[in-house]
Amino acid sequence: MKKIRSIQFKVFICLFISFMVVFGYVVKNKYDRSFNELVYNTDYTASDDYINFCNTIDSRGPHQVELDLEKIKKELGNLPKDDMTEICLLDAKGKLINQYGYNKKDRLLIASSSFVESDDSNDYYNFEYYIDLSELSNKQYKLLKDTIKDVDEKGYDEINLCFEGQIEELQNFKETSQLIYNAKIRYFKVTPTFIHYNTDIFGKKQGNLISATLEAYVDDGDYHLSWHGEVVNDIKKVSTLKMNQLTKDAIDNHFSNIYVRLASFLDKDTITSKENRKMTNEIATSIKEGTLTYATFTKLLDDYSYQVLLMPLYKYQGYTEGQEHTPEAFIAVFYDFQSGGRNQLRNDLFKDNFPLLLGGFLFIVLFSYLISYMTTRRIKEIDRVAMEITNNNFEGVLDTKGHDELSSLSSHINTMSSNLKRNIDALNLEIDQVKKMEQLRKEFIAQFTHEIKTPLAIINGNIDLLENVDDEDKKAKYIEVINKEISVINDLVLQMLDLSKLEAKAITLDKKEIDLRELTEDIIDDYEQLLMDKKLKIEIQGEDVLIVGDRKRIEMVIQNYLSNAIKHACINSMIKIKIKENEFSIENKGKQIDENRMDSIWESFVSDDQKGTGLGLAIVRNILELHEMSYGVHNLEDGVEFYFRWKK
């Protein structure tokens, strides 16, 4: 029973592993889908304005002869700053020229207000103000931060900020900005002379106040949302210091080890996480070779992720067929920084799908156990019946319903059981026959002992007579009788020796080509007197046939067949010898053989002749088997025919 349980365990393990492989494949696909949702996130962000603006820098028409990097630097420098956007200007080899974004020195208040244009366009604009706090003293700056913190803790939905001062409009996105709820954004830099935020913070009020809603403040370069905006899509902000470090690392590494989202030079617009890993250094290589035309990609680290637009800038000097422009510089826009990378992706996958994963695992365990139990249950039944068969109990019958392998095995075991029962019964019958043969052997020994006693007694008596007679004629007669009886004993002994050697396979055959007709004619000559005594005639049918065999042994076979035919043939009848291409037979007219004794006459000590020893056909059988020849006997209408055959 331990083996059966072991089989059940092995089946369970195999099924469990197979299902877990499939389950793992499904989980991996789900992970890849989540990964691509992150990589291919196309939701509108404020960074899109910066991306669209940078796209226009290199698309101002084919008539521009020289690339004015100084003008581009100025335009980029006049862009408003964004909490999740870094813009970098790179040289032709991908090294940093200038970086635009928040830095460690920045102290700003960010506020917004809505405004309707007065012209007939009816365009709506949101005004975004960047209020410079660099002129505030440390005491004023601390008062401002404490006030913001205090107001935020009170939970106001909107906090009104009042200010006045010098206002300068920054580079705007009027031509490139995407509409958000039918509104565009205009950006302004404010050098304040007065700031009021729940209390007077800085400067003196002069009467030209602007009221706006506080969105956030920047403290030493780090962006801080006001209370009403802290929870935005459950995304944690990345500090300015970390953003700058991640940007610097990406540029220093020539953007290697990234996950490409879309790169025109790769002609790829869909990817998997596995394909991403194979794209390492593709962009760095394209920069080096000057083949990059445009690329946006997502950089996914263990704890951080962000996206990048990488765009080359060219000098337009006309187009010559077969020659591609070489980029003079690159613009890289880093945006959508998040403090959640691969680790967060994996955690979210398992956290959000924990019930499904647990349910799938439990289902696999239970289903594997059920299948293994159903399979091994039938194996246990097969084992039980097999055990009964080993104990010679053939009554057990297995259920063979179904068309699977176990049903087929059960059917075979049922067949095997019935065959074994039949074979054992046949074996018991054969044992009975062996016992009978043993009885015949004992009878033969008794007959042999009796037969040998007679010639020995005759020899002994003639020896005594020989010692007491002086007549030479009588001496010669006594000696002739002694020699005759010795010959009888010698024949018996030689036949028994031949049979024992043949049965022990202790004879080496001297195989040569034999002409059967010639050999048969020579043997017939030796039996001429016996044939004349019974007035028998012999007819040989067939041409000369050559076989390969031991001449002496084949001669013994033919002699035995012929002597039996002569013994049992009717007086004044014909004996036919047929020599065919692969068969030799001797046919005589006379008494037929009992059908029940057709097989037993080839055994030792079995004979229909009262004077025979029953060794002749046993010797013939062993000789022919050594020659790998077949043999047999069958009754004719008025006689018997013995034969042996060989392979062609």
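What you see is a predicted model, and the numbers here were worked out from it, not measured in a lab.

## A look at unusual backbone geometry
Line of reasoning, step 1. The residue Asn572 is not glycine, and still its phi comes out positive at about 65 degrees.
Line of reasoning, step 2. In this fold, Asn572 is placed in the loop between helix H14 (551-568) and strand S17 (574-579).

## A look at the confidence of the model for the protein
Line of reasoning, step 1. Confidence in the prediction of the protein, expressed as mean pLDDT, is 78, and 79% of residues score 70 or more.
Line of reasoning, step 2. Looking over the protein, one finds the lowest element-wise mean pLDDT in strand S10 (residues 259-263), namely 49, and the highest in strand S20 (residues 639-645), namely 94.
Line of reasoning, step 3. Segment residues 261-268 is flagged for pLDDT under 50; beyond a separation of four residues in sequence, or across chains, it makes 30 contacts in the model.

## Considering the side chain of Ser112
Line of reasoning, step 1. Examined against the element boundaries, Ser112 turns out to sit in strand S3 (residues 108-116).
Line of reasoning, step 2. A distance of 2.7 Å separates a polar atom in the side chain of Ser112 from a polar atom in the side chain of Glu215.
Line of reasoning, step 3. What Ser112 contacts, discounting residues up to four positions off in sequence, is Phe127, Glu128, Ala212, Thr213 and Glu215.

## Details of the sheet that holds strand S18 (residues 583-589)
Line of reasoning, step 1. Ordered in space as S15-S17-S18-S20-S19, the five strands form an open sheet in which the pairing is mixed. This sheet does not close on itself; its edge strands, each paired only once, are strand S15 (537-541) and strand S19 (630-635). The average angle at which neighbouring strand axes cross in this sheet is 15 degrees, direction not considered.
Line of reasoning, step 2. Packed on one face of the sheet, H14 meets S15, S17, S18, S19 and S20 and runs near 15 degrees to S18.

## Thoughts on helix H12 (residues 516-526)
Line of reasoning, step 1. For H12, the set of buried residues is Leu516, Leu519, Thr520, Ile523 and Ile524. On an axial view of H12, the arc spanned by its buried residues comes to 140 degrees, and they lie on one face.
Line of reasoning, step 2. Capping of H12 at its N-terminal end is provided by Asp515; its side-chain oxygen lies 3.2 Å from the backbone amide nitrogen of Arg517.

## Section: the packing of aromatic side chains
Line of reasoning, step 1. The tally for this structure, following the rule as stated, stands at 15 aromatic pairs.
Line of reasoning, step 2. Note that Arg107 overlies the ring of Tyr141, its terminal NZ or CZ placed 4.2 Å from the centroid.

## Notes on a negative patch on the surface
Line of reasoning, step 1. Together, Asp470, Asp471, Glu472 and Asp473 make up a region of like negative charge exposed at the surface.
Line of reasoning, step 2. Along the chain, Asp473 turns up in helix H11 (residues 472-503).

## Notes on the pairing of S18
Line of reasoning, step 1. Along S18, six of the seven residues are buried, which leaves the element largely enclosed by surrounding structure.
Line of reasoning, step 2. Here S17 pairs with S18 via four bridges, running antiparallel. Paired with Ile579 across the strands is Phe584, a residue of S18.
Line of reasoning, step 3. Remark: three residues form the turn of the hairpin made by S17 and S18, two consecutive strands paired antiparallel.

## Thoughts on the nonpolar core
Line of reasoning, step 1. Judged by nonpolar contacts, the single largest core of 39 residues is most densely connected at Tyr561, Phe584, Phe642 and Phe644.
Line of reasoning, step 2. Those elements giving two or more residues to this core turn out to be H12, H14, S17, S18, helix H15 (616-626) and S20.
Line of reasoning, step 3. The element that contributes the greatest number of residues to this core is H14, accounting for seven residues.
Line of reasoning, step 4. Leave out the neighbours within four places in its chain, and Tyr561 touches Ile586, Trp602, Leu617, Val620, Leu624, Tyr631, Gly632, Phe642, Tyr643 and Phe644.
Line of reasoning, step 5. Tyr50, Ile87, Ala216 and Val333 belong to the second largest nonpolar core, which has 31 residues in total.

## Side note on a nonpolar patch on the surface
Line of reasoning, step 1. Together, Phe19, Phe363, Phe367, Tyr369, Leu370, Tyr373 and Met374 make up a nonpolar patch on the protein surface, roughly 670 Å² of accessible area in all.
Line of reasoning, step 2. It is helix H9 (residues 354-390) that provides the largest number of residues to the nonpolar patch, a total of six residues.
Line of reasoning, step 3. Looking at the element boundaries, Phe19 is found in helix H1 (residues 2-39).

## A few points about the side chain of Asp82
Line of reasoning, step 1. As for its placement among the helices and strands, Asp82 is situated in the loop between helix H3 (69-77) and strand S1 (85-91).
Line of reasoning, step 2. A polar side-chain atom of Asp82 sits 2.8 Å from a polar atom in the side chain of Thr85.

## Section: the packing of H14 against H15
Line of reasoning, step 1. Their axes nearest at 9 Å, the elements H14 and H15 cross at an angle of 145 degrees. The interaxial crossing formed by H14 with H15 has left-handed handedness. Contact residues: Arg553, Met556, Val557, Asn560, Tyr561 and Asn564 in H14; Gly616, Leu617, Ile619, Val620, Ile623 and Leu624 in H15.
Line of reasoning, step 2. Split by residue class, the contact of H14 with H15 holds eight nonpolar, three polar and one charged.

Quick notes on the rules
Residues numbered from 1 in each chain as written. Predicted model: local features only at pLDDT ≥ 70, side-chain atom pairs only at ≥ 80, totals over all residues. Heavy atoms only, no water. Helix = DSSP H or I, 4+ residues; strand = E, 2+ residues; numbered from the N terminus. pLDDT = per-residue confidence, 0-100. Contact = heavy atoms within 4.5 Å. Polar contact = N/O pair within 3.5 Å; in protein donor to acceptor, adjacent residues only side chain to side chain. Pairing = 2+ DSSP bridges. Axes fitted to C-alpha atoms, helices over the stretch in contact; angles between N-to-C directions. Buried < 20%, exposed > 50% of the residue type's maximum accessible area, 1.4 Å probe, protein only. Arc of directions from axis to C-beta. Phe/Tyr/Trp six-rings, centres within 6.5 Å; stacked < 30°, edge-to-face > 60°. Lys NZ or Arg CZ within 6 Å of the ring centre and 35° of its normal. Patch = residues over 30% accessible without salt bridge, like charges linked within 9 Å, V, L, I, M, F, W, Y side chains within 5 Å. Areas by Shrake-Rupley, 256 points an atom, 1.4 Å probe, with all protein chains shown as cover. Salt bridge = Lys/Arg side-chain N within 4 Å of Asp/Glu carboxyl O. Lys, Arg positive; Asp, Glu negative; His and termini not counted. Charge placed at Lys NZ, Arg CZ, Asp CG, Glu CD. Core = buried A, V, L, I, M, F, W, Y, C linked by side-chain atoms within 4.5 Å. Left-handed = near helix turned anticlockwise from the far one by under 90°. Nonpolar A, V, L, I, M, F, W, Y, C, P; charged D, E, K, R; others polar.

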